[in-house]
Amino acid sequence: QVQLQESGPGLVKPSETLSLTCTVSGGSISNYYWSWIRQPAGKGLEWIGRIHTSGSANNNPSLKSRLTMSVDTSKNQSSLKLTSVTAADTAVYYCAREVDRGSGRWFDPWGQGTLVTVSS
Amino acid sequence: DIQMTQSPSSLSASVGDRVTITCRASQNISSYLNWYQQKAGKAPNLLIYAASSLQSGVPSRFSGSGSGTDFTLTISSLQPEDFATYYCQQSYSTPRTFGQGTEVEFK
């Protein structure tokens, strides 16, 4: 079955750029939206944004213009870049596939998540 | 943005109890409502999609209902492995939004 794996630096300095990659295995990345979702320690889930393999993307307005996402179908990977990070960006970051059927849209599967800490 | 409000924020229950969690959307989201279970240190896992459809592999003691703005997740007979945090999520529009979570604790 499809599996997702996030990867990237676990520690980022304030004001720098957070970069993460989601590698998809067991299936094709094509024709889906791939979302990024984060969760600060002890808190709830926040949707960051999504990108389709066609290039169409949607960002959470709360992140303003700090977010860039991309997809590489040749590598079966989706990537996220978040600029000008602060301590408030410290969280576990998940990638998830958004399944879209006539009856609805949902996140499945999810990656295991990767902890990113913003600290000097 | 569509705000999702869950209640209660936490509850204490015993094995075998019937548990009900509610989720209210700030506007009509039709049936674009999903439920996830999250255990400590793990990623969320899809339980219910499109308000009432049971995800493959999820035990039938889990059920979902509702449409429009009011939704319910019910666990008919709580099992030891069900102690976790549950989140609702709307997929009607972007930004996608989640409820704040309901922690189900052992009484």
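All of the points below concern the structure found in this document.

Conventions and cut-offs
Numbers given to residues run from 1 along each chain, matching the order in which its sequence is written. Chains carry letters and ligands carry numbers; both start at the beginning, A for chains and 1 for ligands, and go up in the order they are written. With the structure being a predicted model, the display of local features is reserved for residues of pLDDT at least 70 and the display and counting of side-chain atom pairs for 80 or more, all residues being used for whole-chain, interface and lining totals. The basis for every side-chain value is the complete set of non-hydrogen atoms in the structure, without hydrogens or water. For Phe, Tyr and Trp, rings pair up if their centres lie within 6.5 Å, where Trp contributes its six-membered ring, and each pair is then called stacked (planes under 30 degrees apart), edge-to-face (over 60) or tilted (otherwise). Exposure classes here rest on a 1.4 Å probe applied to the protein chains alone. A residue is buried below 20% of its type maximum, exposed above 50%, and partly exposed in between. In DSSP terms, a helix is any run of H or I states spanning at least four residues, a strand is any run of E spanning at least two, and both are numbered starting from the N terminus. Either the NZ atom of lysine or the CZ atom of arginine qualifies as a charge over a ring when it sits within 6 Å of the ring centre and within 35 degrees of the ring normal. Here, residues are in contact when the closest pair of their heavy atoms is within 4.5 Å. Note on definitions: buried area is the accessible-area loss of two parts on being combined, 1.4 Å probe, summed for both. Salt bridges are defined as contacts in which a side-chain nitrogen from Lys or Arg sits within 4 Å of a carboxyl oxygen from Asp or Glu. Counted as a polar contact is a pair of N or O atoms within 3.5 Å, where, for protein atoms, one must be capable of donating a hydrogen and the other of accepting one, and residues adjacent in sequence contribute only when both atoms are in side chains.

## Section: the packing of aromatic side chains
Reasoning step 1: Here the structure, examined in full by the defined rule, presents eleven aromatic pairs over all chains.
Reasoning step 2: Between Tyr32(A) and Trp34(A), the aromatic rings sit 6.0 Å apart at their centres with planes inclined by 70 degrees, giving edge-to-face as the arrangement.
Reasoning step 3: On the accessibility criterion, Trp34(A) (1% relative accessible area) is buried.
Reasoning step 4: Ring geometry for Phe107(A) and Phe98(B): centres 6.2 Å apart, planes at 25 degrees, overall stacked. With Phe107(A) in strand E10 (residues 104-110) and Phe98(B) in strand E10 (residues 97-98), this pair bridges two chains.
Reasoning step 5: Among the aromatic residues, those joined into a ring-pair cluster are Tyr94(A), Phe107(A), Trp110(A), Tyr36(B) and Phe98(B).
Reasoning step 6: In this arrangement the basic side chain of Arg50(A) is found over the ring face of Tyr33(A), its NZ or CZ atom lying 3.6 Å from the centre.
Reasoning step 7: Above the face of the Tyr32(A) ring, Arg97(A) is positioned so that its terminal group lies 4.5 Å from the ring centre.

## A few points about the interface of chain B and chain A
Reasoning step 1: On the side of chain A, 22 residues touch chain B, which itself brings 19 residues to the contact.
Reasoning step 2: Here chain B and chain A share an interface that buries about 1800 Å² over both sides, 58% of which is from carbon and sulfur atoms.
Reasoning step 3: Inspection of the region where chain B meets chain A yields one salt bridge.
Reasoning step 4: Here Arg96(B) makes a salt bridge to Glu98(A), at a shortest N to O gap of 2.9 Å.
Reasoning step 5: Across the contact surface, chain B and chain A share ten residue pairs in polar contact (both at pLDDT 80 or more).
Reasoning step 6: Put simply, the parts of the chain that give the side of chain B that touches chain A at least two residues each are strand E4 (33-38), strand E5 (45-49) and strand E9 (85-90) of chain B.
Reasoning step 7: Top contributing element to the side of chain B that touches chain A by residue count: E4(B), with three residues.

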